[in-house]
Amino acid sequence: MRFRAWICSTLLLSVAGLPAEPQSQAPSPIPHLERRGDATQLIVDGKPFLVLAGELYNNSATSLEYMNSVWPRLTSMHLNTVLAAVSWAQLEPSEGKFDYALVDGLIREARVHNLRLVLLWFGSWKNTWSSYAPDWVKRNFERFPRVQLSNGSGTERLTPFSQANCDADARAFAALMRRIHEVDGEAHTVIMIQVENEVGVIPDARDYSVQANAAHSQQVPGDLMEYLRSHKETLDPYLRAKWLAAGFKASGNWETVFGPGLETDDLFMAWRYARYIGKVAEAGKAQYSLPMYVNAALIRPSFAPGQYNSGGPLAHSIDIWRAGGPQLDFLAPDIYFEFKHWCAQYDRPDNPLFIPEAAGGSAGDANVFYAVGQHKSLGFSPFGIDGLDGVGGEADALGRSYDILSQLAPLILENQPKGRTAGVLLEDLTPAQKLRLGDYTLNISGSGTRRIALGAGSSQGSPASAPHGIFIATGPDEFYMAGSGLTVTFSPDTPGPSIAGLATVEEGRFVDGQWVRGRTLAGDDTGQGNSISLDAVRHPGILRVTLYRYR
Ligand code: DGJ
């Protein structure tokens, strides 16, 4: 992974219909990833940026008119970013002829609504299929060959083993990135790019096209073998175990090196997709080098390759993706189940967590606290954001979470690199937990208040959310926190008097980055000075807590 701080071109191209970009004195660096202390952060206009986003339904952004009524709903939910698809078919309706009207319009409207964009390149693949390829590609299946199934039938999926497929996709993607650079190279409305969407093969574990069969019997490519050799001690345990079980061979075909079976077909396909998508990303980055990632459909319990997207950017094949597609900055999970498990799988020192798709509703408005607080996620993005229920419903509940997190964002981003943020999500199997943060252990349990019903029109959080919270240690005895359904007590972790008392507990808000105090809490609201109650109904905002010690 490369973390860069490249300086963008100062060239300002005027594009019909786009509002003028801000004329800054000095060009600001283009959006990029940077390792800062314990965290990898997305830097936008020179500052860390927390992506509080939602992904539109697949085809919402294919019509600017349709989007007219969507933009205001997004801003009312306190989103700062929208994930929107760009379809290859619409971008390049005939070969070599590009239509940028939609992309220009999306950037223009996002700017008008003070939103950033993560654009999703629906090029060769979207959910394994190629339904967003232009019809001049689809119709010419001799020139642009398909994945073949083991039973001999074709599918509407471009094969990743075809150079013609890769070249055509890369040319279109390069044109897209060139355009984004022309119209947005200074304003940085577009902050990241997802290349393709949930790739892999189903229902077989691999492609059986002529090209794929030939590659399958050949030697594992030398550059992958070299990567395995040079990263032998740090490989993902799953991959290392497969190589070990087959005898740590230095060369051989795929089955010689990794053993026979569907799991090896998954690794074989992962290498091919990584190679192909890496080349597409490389062509795009040559025009405009925004951070680029790939997203994965995850594995449902006990599913085998081919039941799940075989060859997709799964955590267990992260080394294959890194070796095959080093142009890609990270792999990202689309998390619809086992949220905590998948966060842990993708949060690695060499792979920052970003969640481009997730369940919304009551799950989403809790999960975002955990991902950002505990796993330093670059951001969070429920899928189908334009379909969330409106006033008093899911949209309000997510809006409340995003309102709080956008107020806390400067503190979160300042403290992530110092390891001074944490997130909690209690589940049936973990009804309580201890958390070490700053100089204290936080003893956290569910308070049972989360099921209090809220009236219609309430914006005080979803009653069905799992107990959740975010905690930031901002000083030796000072914490900011927010969440719902939790009771918290503190135990000191450093030498000195052994009991922690609550010195002050304040409700409040950040307004223009300044803490504005609301009610001061003691007595019944703090268990007579013994505990903090994070409760979206009684204390819907942020709490500032200072502690002292006594014996
Ligand atoms: C995952 C895909 O990546 C999305 O494009 C969309 O199809 C959702 N699934 C639908 O749940």
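As a reminder, the structure under discussion sits directly above these lines.
Just so it is clear, the model here is predicted, and its values are computed rather than measured. (Residues numbered from 1 in each chain as written. Predicted model: local features only at pLDDT ≥ 70, side-chain atom pairs only at ≥ 80, totals over all residues. Heavy atoms only, no water.)

Quick look at the pattern of salt bridges
Pairs may arise between side chains of opposite charge once their charged atoms sit close together. This model, assessed by the stated rule, comprises 22 salt bridges. Of the charged contacts, one joins Arg240 and Glu233 as a salt bridge, the two residues approaching to 3.2 Å between their closest N and O atoms. For Glu233, a relative accessible area of 62% gives the class exposed. With a closest N to O distance of 2.7 Å, Lys285 and Asp329 form a salt bridge. Residue Lys285 is found in helix H11 (residues 262-287), and its partner Asp329 is found in the loop between helix H12 (318-324) and strand S11 (330-335); the two are separated by 44 residues along the sequence. Comparing Lys285 with Asp329, the two get one shared label, buried. Sharing partners across several salt bridges, the network here consists of Asp104, Arg179 and Glu182. (Salt bridge = Lys/Arg side-chain N within 4 Å of Asp/Glu carboxyl O. Buried < 20%, exposed > 50% of the residue type's maximum accessible area, 1.4 Å probe, protein only. Helix = DSSP H or I, 4+ residues; strand = E, 2+ residues; numbered from the N terminus.)

Details of the layout of surface pockets
Considered as a void within the structure, the largest pocket measures approximately 940 Å³ in volume. In terms of lining, the largest pocket is formed by 35 residues, of which the most central are Lys47, Phe49, Asn80, Asn114 and Arg116. Of all elements in the fold, only strand S3 (47-49), helix H4 (101-112), helix H15 (394-415) and strand S20 (499-511) reach the threshold of two or more residues within the lining of the largest pocket. With five residues, H15 is the single largest residue contributor to the lining of the largest pocket. Of the residues that constitute the lining of the largest pocket, the class distribution is 17 nonpolar, 11 polar and seven charged. (1 Å grid on protein atoms, 1.4 Å probe; cavity = no way out; pocket = protein on both sides within 12 Å on 5 of 7 lines; lining within 4 Å. Points joined across faces, edges and corners; volume = space filled by probe spheres on them. Nonpolar A, V, L, I, M, F, W, Y, C, P; charged D, E, K, R; others polar.)

What to know about the packing of aromatic side chains
All chains considered together, the criterion is met by 25 aromatic pairs. Between Trp136 and Phe144 the ring centres are 5.9 Å apart and the planes differ by 70 degrees, which places this aromatic pair in the edge-to-face class. Taken as a pair, Trp136 and Phe144 share a single burial class, namely buried. Between Tyr440 and Phe479, the aromatic rings sit 6.0 Å apart at their centres with planes inclined by 70 degrees, giving edge-to-face as the arrangement. Here Phe479 lies in strand S18 (residues 478-484) and Tyr440 lies in strand S16 (residues 440-446), a separation of 39 residues in the sequence. Given a relative accessible area of 0%, Phe479 falls into the buried group. One aromatic cluster is present, built from ring pairs that chain together Trp88, Trp121, Trp136, Phe144 and Phe173. (Phe/Tyr/Trp six-rings, centres within 6.5 Å; stacked < 30°, edge-to-face > 60°.)

Side note on unusual backbone geometry
Look at the link from Ile202 to Pro203: it is a cis peptide, with omega at 0 degrees. For Asp512, which is not glycine, the phi torsion reads 50 degrees and is therefore positive. In this fold, Asp512 is placed in the loop between S20 and strand S21 (514-520).

Overview of the sheet that holds strand S19 (residues 486-492)
Taking strand neighbours across the sheet as the criterion, the four strands line up as S15-S16-S19-S22 in an open arrangement whose pairing is antiparallel. Edge positions in the sheet fall to strand S15 (432-437) and strand S22 (532-534), since each has one partner strand and no second. Strand-to-strand, the axes of this sheet are offset by a mean angle of 25 degrees, without reference to chain direction. Here S16 pairs with S19 via seven bridges, running antiparallel. Within S19, the position partnered with Leu442 by the bridge is Phe490. (Pairing = 2+ DSSP bridges. Axes fitted to C-alpha atoms, helices over the stretch in contact; angles between N-to-C directions.)

Quick notes on the packing of helix H9 (residues 237-245) against H11
Running from N to C, H9 and H11 point in directions that differ by 120 degrees, and their axes come no closer than 12 Å. The two elements H9 and H11 cross, and the hand of that crossing is left-handed. Contacts between H9 and H11 involve Tyr238, Leu239 and Lys242 from the former and Glu263, Thr264 and Leu267 from the latter. Class assignment for the residues of the contact of H9 with H11 results in three nonpolar, one polar and two charged. (Left-handed = near helix turned anticlockwise from the far one by under 90°. Contact = heavy atoms within 4.5 Å.)

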